[in-house]
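# Survey of secondary and tertiary structure
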Amino acid sequence: MADLRNNFVGIKSPNPFWLASAPPTDKAYNVERAFKAGWGGVVWKTLGEEGPPVVNVNGPRYGAIWGADRRLLGLNNIELITDRDLYTNLREMKQVKMNWPDRALIASIMVPCEEQAWKAILPLVEETGADGIELNFGCPHGMSERGMGSAVGQVPEYIEMVVRWCKQYTRMPVITKLTPNITDVRRPARAAKAGGTDAVSLINTINSIVSVDLDNFAPNPTVGGKGSHGGYCGPAVKPIALNMVAEIARDPETYGLPISGIGGITTWRDAAEFLVLGAGNVQVCTAAMTYGFKIVQEMITGLSDWMDEKGHRNLDDITGRAVPNVTDWQYLNLNYIAKAKIDQDACIKCGRCYIVCEDTSHQAITNFVDGARHFEVMDEECVGCNLCVSVCPVENCITMEELPAGTLDKRTGRVVDPNYANWTTHPNNPMARQAAE
């Protein structure tokens, strides 16, 4: 049986599944129940500085995006950091850590961008026995208007400065949580590394308005007739998160920097994709808020079964395995040729492949043959774009098949070249011609 034990920057947990800092980790009651369900660790909901806690709205805090089957695709969240007293949180954290010494307990922290504020809170957190801290540089709403959250996370110089303070004033491992609301996520990651961070976690939520109420003309969620931008999370953000994790994992300046992957993780397969793209563990929020804490049991079983099936003994066997296969577009093999093929036995003759190909692509699929409804790919027109596969409602009915080297591509009239070639040397590339001259 695969060994799922996780050691992330010296923080040990029985599996790589942590709950992210969010409403599910707001108090001891939640966290105890999460640990009983099987979660390997939690990042406690973000703590603020000593004094009056923040004030949340007393109305709707979430907006939603659903699929056609009412499956939740994304949440827009306008809730702020914990609105509970700092010392109440600290007492509960200490007790939970005593009760569950084998589980990871991380304190998420957000205080003003002032050295004294960080110097003051770090010893208080350290005294709880927490395994580490996560610096919340990601919140795009509410806290950012106060000069915290993403307002710090969007400025690499601030990130480096705060990380240095934290490394100076605490023995605990420092995880820097990054905002996706930035042009190039590698820059804040580099800054965090320069400051001495032990790891980064990403992504935090994406700045968003998910919908507008067309009766009162206000964004959702609507509070007293008004709405605000919030943080978007859930399955819909996973592709963005995977790309940003991969960017940091393969950047020469941050290569080897431990990453805690966050963003739309709902199944074991989602988690595995983050791990093979370089994440050392994963954090989950929306899935727990949608299905409850016990969803982790399916994640654990699914990941373990897949690893057993593939012969992977432990997490080290899979972590980062896909990173070498992530490249820039200019290095993709232009001599690779593939064509779509429709399994006639599996085809339900819905016609979706034909419609999208006819209207928006390359007119490469028939709809009638010999007077009968029949959908078949015409190789002489197919560019191998994969759109028909993407819209087909029947899994594996349409597949992409590579043309072997030496065979004729009916669309171009050329024989498939076995040699690798990319855009950097292509004759149509003006930079390539310039280099040749």
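From a predicted model like this one, the values you see are computed outputs, not experimental measurements.

Before going further, it helps to examine unusual backbone geometry. With an omega dihedral of 10°, the bond running from L202 to I203 counts as a cis peptide bond. For I203, the position within the fold is in the loop between β10 (199-202) and β11 (206-208). Looking along the chain, the bond that leaves N220 and enters P221 is cis, with omega of 0°. Here P221 is to be found in the loop between β13 (218-219) and β14 (230-233). For V9, which is not a glycine, the phi torsion comes out positive at approximately 45°. Here V9 lies in the loop between β1 (6-8) and β2 (11-13). Judged by relative accessible area, V9 falls into the partly exposed class, the value being 24%. With a phi angle near 60°, K349 is a residue other than glycine that sits in the positive phi range. With respect to the helices and strands, the residue K349 is situated in the loop between β17 (338-342) and α11 (352-360).

Here we take up the domain arrangement of the protein. Along its sequence, the protein is carved into domain 1 (6-325) and domain 2 (329-425). Averaged C-alpha coordinates put domain 1 and domain 2 at centres separated by 40 Å.

Mapped onto the fold, A104 is located in strand β7 (residues 104-109). Taking the C-alpha atoms as reference points, A104 and K310, 206 residues apart in sequence, are found 28 Å from one another. In this structure, A104 is in contact with I11, K12, S13, W18, F35, G40, G41, V42 and D131, ignoring residues within four places of it in sequence.

Position of D69 among the secondary structure elements: in the loop between β5 (62-66) and β6 (72-77). On the basis of relative accessible area, D69 is assigned to the exposed category, the value being 58%. A distance of 3.0 Å separates a polar side-chain atom of D69 from the backbone nitrogen of R71.

One way to put it is that helix α1 (residues 28-37) packs onto helix α2 (residues 86-99) with a least axis distance of 10 Å and a crossing angle of 20°. Judged on the interaxial angle alone, α2 and α1 are roughly parallel. For α1 against α2, the interelement crossing comes out right-handed. Along its contact with α1, which presents A28, V31, E32 and F35, the element α2 presents E92, V96 and N99. Of the residues contributing to the contact of α1 with α2, the split by class is 4 nonpolar, 1 polar and 2 charged.

Here we take up the pairing of β10. On β10, burial covers both faces: A199 and S201 on one face and V200 and L202 on the other are all buried. The β-α-β motif built from strand β9 (residues 174-177), the intervening helix α6 (residues 186-195) and the parallel element β10 has right-handed crossover chirality. Here β10 runs beside strand β15 (residues 259-262); their pairing, made up of 3 bridges, is parallel. In the sheet register, L202 faces β15, and the bridge partner there is G261.

What follows covers helix α7 (residues 238-250). Here α7 contains 13 residues, and its C-alpha end-to-end distance of 18 Å stays within 8% of the 18 Å for a straight helix at 1.5 Å per residue. Within the sequence span of α7, burial applies to K238, A241, L242, M244, V245, A246, E247, I248 and A249. Structurally, α7 contributes buried residues whose contacts are with α6, β10, β15 and α8 (268-276).

On to the nonpolar core, then. In terms of nonpolar packing, the biggest core is built from 82 residues, with W39, W118, V125, I133, L135, L202 and L303 touching the most fellow members. Looking at this core, the element that brings in the most residues is α7, giving 7 residues. Once residues within four sequence positions are removed from consideration, L303 is found in contact with L4, P16, F17, W268, A272, L275 and L315. Counting 15 residues, the second largest nonpolar core, distinct from the first, contains A340, A364, I365 and F375.

Quick look at helix α5 (residues 156-169) now. The terminal C-alpha atoms of α5 lie 20 Å apart, and with 14 residues this matches the ideal 20 Å at 1.5 Å per residue to within 8%. For α5, the set of buried residues is I159, V162, V163, W165 and C166. For α5, the buried positions fall inside an angular range of 155° around the axis, keeping them on one side. In α5, the exposed positions angled more than 90 degrees off the buried face are occupied by E157 and Q168. Of the surrounding elements, those touching the buried residues of α5 are α3 (115-126), β8 (132-136), α4 (150-153), β9 and α6.

Another aspect to go through is the packing of aromatic side chains. In total, this model carries 4 aromatic pairs according to the counting rule given. On the basis of an interplanar angle of 50° and a centroid distance of 5.5 Å, the ring pair of F35 and W100 is categorised as tilted. In this pair, F35 is assigned in helix α1 and W100 in the loop between α2 and β7, connecting sequence segments 65 residues apart. With respect to class, F35 is no different from W100; both count as buried. Taking the centre distance of 6.4 Å and the plane angle of 50° together, the rings of Y354 and F375 count as tilted. Of the two residues, Y354 is situated in helix α11 and F375 in the loop between β19 (372-373) and α12 (387-391); the sequence distance between them amounts to 21 residues. Of the residues examined, Y354 reaches a relative accessible area of 17% and is grouped as buried. Looking at F375, the relative accessible area reads 2%, which means it is buried.

Quick notes on the rules
- Residues numbered from 1 in each chain as written.
- Predicted model: local features only at pLDDT ≥ 70, side-chain atom pairs only at ≥ 80, totals over all residues.
- Heavy atoms only, no water.
- Helix = DSSP H or I, 4+ residues; strand = E, 2+ residues; numbered from the N terminus.
- Buried < 20%, exposed > 50% of the residue type's maximum accessible area, 1.4 Å probe, protein only.
- Domains from an automatic or database assignment.
- Contact = heavy atoms within 4.5 Å.
- Polar contact = N/O pair within 3.5 Å; in protein donor to acceptor, adjacent residues only side chain to side chain.
- Axes fitted to C-alpha atoms, helices over the stretch in contact; angles between N-to-C directions.
- Parallel < 35°, antiparallel > 145°, perpendicular 65-115°, else oblique.
- Left-handed = near helix turned anticlockwise from the far one by under 90°.
- Nonpolar A, V, L, I, M, F, W, Y, C, P; charged D, E, K, R; others polar.
- Right-handed = clockwise from strand over helix to strand, strands pointing away.
- Pairing = 2+ DSSP bridges.
- Expected span 1.5 Å × (residues − 1).
- Core = buried A, V, L, I, M, F, W, Y, C linked by side-chain atoms within 4.5 Å.
- Arc of directions from axis to C-beta.
- Phe/Tyr/Trp six-rings, centres within 6.5 Å; stacked < 30°, edge-to-face > 60°.

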